[in-house]
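# Structural overview
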Amino acid sequence: MCEPEYGGGGLCAETGAILQAHTLAKQVTASACVAYDGSGRIVILTPCGICQERLRHWGGAVEVAVPDPADPTRWIAKTLREVQPYYWANVYLEDER
């Protein structure tokens, strides 16, 4: 599991899948990050900022899993546009404004 003090700066498992999709010219439409929390639960993690940045290559409509506020073992689908309403590159992207 990604330790909070290191944040997204580490190399997570999702990176390999994201890079492989790009290498194979495949479209990524959705992504989910799950982690074992050490107490027997599998929890949903919102993609870190680095993975959000990588996924944004396929646009703001990519869906990502975010934890349900009432139960982090359940997920809610949100688009990157919803997760990143103030994404820095929007000022350069005509279709994202």
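Rules of the game
- Residues numbered from 1 in each chain as written.
- Predicted model: local features only at pLDDT ≥ 70, side-chain atom pairs only at ≥ 80, totals over all residues.
- Heavy atoms only, no water.
- Core = buried A, V, L, I, M, F, W, Y, C linked by side-chain atoms within 4.5 Å.
- Buried < 20%, exposed > 50% of the residue type's maximum accessible area, 1.4 Å probe, protein only.
- Helix = DSSP H or I, 4+ residues; strand = E, 2+ residues; numbered from the N terminus.
- Contact = heavy atoms within 4.5 Å.
- Pairing = 2+ DSSP bridges.
- Salt bridge = Lys/Arg side-chain N within 4 Å of Asp/Glu carboxyl O.

## Some thoughts on the nonpolar core
Note that soluble globular proteins tend to have their nonpolar side chains buried in a common cluster. Ile 18, Ala 21, Val 28, Cys 51, Leu 55, Trp 58, Val 62, Val 64, Val 66 and Leu 80 form the largest nonpolar core, which has 10 residues in total. The set of elements that each furnish at least two residues to this core consists of α1 (13-23), α2 (49-55) and β4 (63-68). Ignoring anything within four residues of it in the chain, the contact list for Ala 21 reads Lys 26, Val 28 and Trp 58.

## Things to note about the pairing of strand β5 (residues 71-79)
For β4 and β5, the ladder comprises 6 bridges, and the chain directions are antiparallel. Each bridged residue has a counterpart across the sheet, and for Ala 65 the counterpart in β5 is Ala 77.

## Examining the sheet that holds β4
The sheet built from 3 strands is open, its strands ordered β1-β4-β5 with mixed pairing. Two strands lie at the open edges of the sheet, namely β1 (30-31) and β5, each paired on one side alone.

## As for the pattern of salt bridges
Pairing is possible between side chains that carry opposite charge, provided their charged atoms lie close to one another. According to the stated counting rule, one finds 1 salt bridge in the structure shown. Linking Arg 41 and Asp 37 is a salt bridge whose minimum nitrogen-to-oxygen distance equals 2.7 Å. Note on Asp 37: relative accessible area 25%, which makes it partly exposed.

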